[in-house]
Protein chains: 4
Amino acid sequence: MMIELDLQSEIPIYTQLMDQIIEGIASGRLEPGESLPSVRSLASDIGINLHTVNKAYTLLKQEGFIQVHRKKGVIVVQKEEMPQVTEHYLAKLGQQLRPVVAESLCRGLNQEQLTEIIARLYNDIQPQDKE
Amino acid sequence: MMIELDLQSEIPIYTQLMDQIIEGIASGRLEPGESLPSVRSLASDIGINLHTVNKAYTLLKQEGFIQVHRKKGVIVVQKEEMPQVTEHYLAKLGQQLRPVVAESLCRGLNQEQLTEIIARLYNDIQPQDKE
Amino acid sequence: MMIELDLQSEIPIYTQLMDQIIEGIASGRLEPGESLPSVRSLASDIGINLHTVNKAYTLLKQEGFIQVHRKKGVIVVQKEEMPQVTEHYLAKLGQQLRPVVAESLCRGLNQEQLTEIIARLYNDIQPQDKE
Amino acid sequence: MMIELDLQSEIPIYTQLMDQIIEGIASGRLEPGESLPSVRSLASDIGINLHTVNKAYTLLKQEGFIQVHRKKGVIVVQKEEMPQVTEHYLAKLGQQLRPVVAESLCRGLNQEQLTEIIARLYNDIQPQDKE
DNA sequence: GTGGTCTAGACCACA
DNA sequence: GTGGTCTAGACCACG
């Protein structure tokens, strides 16, 4: 599992970590049931604070992407248990996307172009092996 | 100019204010050349500190959405001077959207559905000059 | 006398006005002894406040570039009376130029290039008719 | 890092601070990658408010001279990432220098003399690695 | 302990 | 009256 952090970024490290793990799941590089490194080992691997990894894991657990077993350690949830498209999620999505769309409109980036960007991201992230 | 803020939100007030103003421009409720309320009056209108408004204005000025005119006060930039779709902007956009798409993939929200959400936001915000 | 002001600029209008008049003198478009418009007419010509023009004139007078006669109005000083290169002026110059040179060094603009820019400005402003 | 401020000057403190830091970089007293004191410690060291220091740092960050690193704090950018000579910078430079040259012409300070002043500043600021 | 945010009150330059 | 600057004190997120 490759984690790339930008320590200069204004995005908190724990958020970047969450994003990377979620993208890992989305892309298939992290499979359901697969186990993640322990808080300690991941922290030392990428050279950040224990608390930071812990915070990311805790939030991912809260959102339902991972489970923490006393014995098996940290694992990605099974496909059936993966978080769904809830009302709450859709609301958050709209709230996130609204300012993005507004700025696009101001700058003259039209709906087709934005859709195209979204499409490229889907293809970019999505698992490519179709078998 | 209606401004709606959520003082409890984790999103900084000055960011919400920027978003609202940008959406105002995108929607046509704020027209190019139109003048915005003074820092002081807007602050007292919406019940926040003038420095918070000032920060929002300053950032909007830096991004090129508004100008501070010595006589007319704060004005929305002319259409020709509106910020463009720069490389830098596209990079920022991709960076913002990437985690959104990743989470969508995990939750099983497919590309068509996300595109549909974008489309609705475009229609929602866009100026509705129907007459 | 053409005056070009940028009302959006962060540079105060009275300063821009002073700069323009000094450049006018430097370029020969305003000759020693020539009279400048009255505060009132200049203000209405360029559409700014009386006080602003007044401030510019007052400061120019203090610096010795113009004289205000009760009868002749405002005139550019004679060549012999033009402000000289004083110690005080050199100190001000160094103080102004120091940060400019420092930033140039940081950005990798070398001495020759900066000198070239200065040279171009001299040629640009200087009176061109040599007869 | 020595900082000398003139609290009586008409030049804003945050500007003086920016200038001093840029000169520090230009002179080599501040090396790329080196970390700057925290907002709080610098503020208390030089006896000004932390918000004033913060403003200077924020602007320097925006201009690309420093970065805020999540672990190392505030650092001078690496040499490769140092701001370049952009069109925008050259425009700003011309705008800054134009009135200076105009006044020089009026006062009879010729191009050679001004060039000489620039040269002295370059030598004065430039890193003196003689050993 | 760090930077980021917000509030509050004050002074000044500008127009 | 406007924006710009500075000070001061407080809370929070982050690491």
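Before reading on, note that the structure itself is shown above.
What counts as what
- In every chain, residue numbers begin from 1 and rise along the written sequence.
- Whichever chain is written first becomes A and whichever ligand is written first becomes 1, with later ones labelled in order.
- Under the rules for a predicted model, residues below a pLDDT of 70 receive no local features and side-chain atom pairs below 80 are neither given nor counted, while totals for whole chains, interfaces and linings still include all residues.
- Computation of side-chain values covers all heavy atoms of the structure but excludes hydrogens and water.
- Any residue with a heavy atom positioned within 4 Å of a molecule or strand is treated as near that molecule or strand.
- Pairs of N or O atoms are called polar contacts if they sit within 3.5 Å, as long as, within protein, a hydrogen donor faces a hydrogen acceptor (for residues adjacent in sequence, only side-chain-to-side-chain pairs).
- A helix here means a DSSP run of H or I that spans at least four residues, while a strand means a run of E at least two residues long, and both kinds are numbered starting from the N terminus.
- Each residue is assigned to one class: nonpolar for Ala, Val, Leu, Ile, Met, Phe, Trp, Tyr, Cys and Pro, charged for Asp, Glu, Lys and Arg, and polar for all the others, Gly among them.
- Strand pairing is assigned whenever DSSP detects at least two bridges linking the two strands.
- Only heavy atoms enter the contact rule, under which two residues are in contact if any of them lie within 4.5 Å.
- To define axes, lines are fitted to C-alpha atoms, for helices over the stretch in contact only, and angles between the resulting N-to-C directions are given on a 0 to 180 degree scale.
- Alignment of copies: least-squares fit on C-alpha atoms of residues with pLDDT of at least 70 in both copies.
- When two rings of Phe, Tyr or Trp (its six-membered ring) have centres within 6.5 Å they constitute a pair, described as stacked for plane angles under 30 degrees, edge-to-face for angles over 60, and tilted for the intermediate range.
- By definition here, charges over rings are those cases where NZ of Lys or CZ of Arg is within 6 Å of the ring centre and within 35 degrees of the ring normal.
- To estimate how far a helix should reach, multiply one less than its number of residues by 1.5 Å.
- Summary of the burial criterion: residues with accessible area below 20% of their type's maximum are buried, those above 50% are exposed, and those between are partly exposed, where the area comes from a 1.4 Å probe applied to protein chains only.
- Defined here as a combined quantity, buried area equals the accessible surface (1.4 Å probe) lost by two parts on assembly, summed across both.
- Salt bridges are defined by distance alone: a side-chain nitrogen of Lys or Arg within 4 Å of a carboxyl oxygen of Asp or Glu.

**A word on the protein's contact with DNA strand F**
DNA strand F sits among 23 residues. The nearest are Arg40(B), Ile13(D), Tyr14(D), His51(D) and Thr52(D). Counting only atoms of DNA strand F within 4 Å of the protein, the sugar-phosphate share comes to 65%. One nitrogen or oxygen atom from the side chain of Asn54(B) is found 3.4 Å from a phosphate oxygen belonging to DNA strand F. At the level of secondary structure, the elements contributing two or more residues to the surface near DNA strand F comprise helix H1 (13–27) and helix H3 (50–63) of chain A, helix H2 (39–46) and helix H3 (50–63) of chain B together with helix H1 (13–27) and helix H3 (50–63) of chain D. Grouping the constituent residues of the surface near DNA strand F by class yields nine nonpolar, eight polar and six charged.

**Things to note about the sheet that holds strand E1 (residues 35–36) of chain C**
All names here are of chain C. The antiparallel open sheet is built from three strands, whose spatial order is E1-E3-E2. The two strands at the open ends of the sheet, each matched to only one other strand, are E1 and strand E2 (66–69). Looking at chain direction, E1 and strand E3 (residues 73–76) are connected through two bridges and run antiparallel. In the sheet register, Leu-36 faces E3, and the bridge partner there is Val-74. Against the sheet, helix H3 (residues 50–63) engages E1, E2 and E3, with an angle of about 110° to E2.

**As for the relation of the copies chain D and chain C**
Least-squares fitting of chain D to chain C yields an RMSD of 0.3 Å, with the transformation described by 0.1 Å of translation along the axis and a rotation of 180°. Taken together, the rotation angle and the small translation identify this as a two-fold axis. Across chain D, the smallest distance between a C-alpha and the rotation axis is recorded for Thr115(D), namely 3.0 Å. A high fraction, 98%, of the interface residues of chain D reappear at the interface in chain C, so the copies pair face to face through one surface.

**Notes on the packing of aromatic side chains**
Within this structure, the stated rule accounts for zero aromatic pairs over all chains. Looking at Arg107(A), its charged tip hangs above the ring of Tyr89(B), at a distance of 4.4 Å from the centre. The ring of Tyr14(C) has Lys55(C) lying over it, and the distance from NZ or CZ to the ring centre is 4.4 Å.

**Concerning helix H1 (residues 13–27) of chain C**
Taking 1.5 Å of rise per residue, 15 residues should cover 21 Å, and H1(C) covers 21 Å from first to last C-alpha, within 8% of that figure. In terms of burial, H1(C) is a largely internal element, 11 of the 15 residues being buried. Inspection of H1(C) places Ile13(C), Gln16(C), Leu17(C), Met18(C), Ile21(C), Ile22(C), Glu23(C), Gly24(C), Ile25(C), Ala26(C) and Ser27(C) among the buried residues, and these make up the whole buried set. Those residues of H1(C) that are buried are in contact with E1, helix H2 (39–46), H3, E3 and helix H5 (111–125) of chain C together with helix H4 (87–107) of chain D.

**Quick look at the interface of chain D and chain C**
Each side of the interface is counted separately: chain D has 45 residues, and chain C has 44 residues. Approximately 4300 Å² of surface area, both sides summed, lies buried where chain D meets chain C, with 70% of it carried by carbon and sulfur atoms. Of all residues in chain D, the largest losses of buried area upon contact with chain C belong to Arg98(D), Arg107(D) and Tyr122(D), amounting jointly to 19% of the total for that side. Along the contact surface separating chain D from chain C lie six salt bridges. Of the charged contacts, one joins Arg98(D) and Asp124(C) as a salt bridge, the two residues approaching to 3.1 Å between their closest N and O atoms. Counting every contact that joins chain D to chain C gives 14 residue pairs in polar contact (both at pLDDT 80 or more). For the side of chain D that touches chain C, the secondary-structure elements that each account for two or more residues are H1, H4 and helix H5 (111–125) of chain D.

**Concerning the protein's contact with DNA strand E**
Near DNA strand E there are 23 residues, and of these Ile13(B), Tyr14(B), His51(B), Thr52(B) and Lys55(B) occur at the shortest range. The sugar and phosphate moieties of DNA strand E supply 65% of its atoms located within 4 Å of the protein. A distance of 2.8 Å is found between a phosphate oxygen of DNA strand E and a backbone nitrogen or oxygen belonging to Ile13(C). A distance of 2.8 Å separates a phosphate oxygen of DNA strand E from a polar atom in the side chain of Lys55(C). Broken down by secondary-structure element, the contributors of at least two residues to the surface near DNA strand E are helix H1 (13–27) and H3 of chain B, H1 and H3 of chain C together with helix H2 (39–46) and H3 of chain D. Here the residues of the surface near DNA strand E sort into nine nonpolar, eight polar and six charged.

**Details of the pairing of strand E2 (residues 73–76) of chain D**
Residues and elements named next belong to chain D. Here strand E1 (residues 66–69) runs beside E2; their pairing, made up of four bridges, is antiparallel. Looking at the pairing, Val-68 lines up with Val-74 of E2. Here E1 folds back onto E2, and the loop between the two strands holds three residues.

**Some words on the pattern of salt bridges**
Counted by the stated rule, this structure contains 20 salt bridges over all chains. Close ionic contact of Glu23(B) with Arg98(A) constitutes a salt bridge, the shortest N to O distance being 2.8 Å. With one member in each of two chains, Glu23(B) in helix H1 and Arg98(A) in helix H4 (residues 87–107) form a pair that bridges those chains. Taking relative accessible area as the criterion, Glu23(B) reaches 14% and is therefore assigned buried.

**Thoughts on the side chain of Ser104(C)**
One can find Ser104(C) in helix H4 (residues 87–107). Residue Ser104(C) is classed as buried on the basis of its relative accessible area, which comes to 0%. Ser104(C) has contacts with Leu109(C), Leu114(C), Tyr89(D) and Tyr122(D), leaving out every residue within four places of it along the chain.

Remember that the coordinates give geometry; whether it matters functionally is a separate question.
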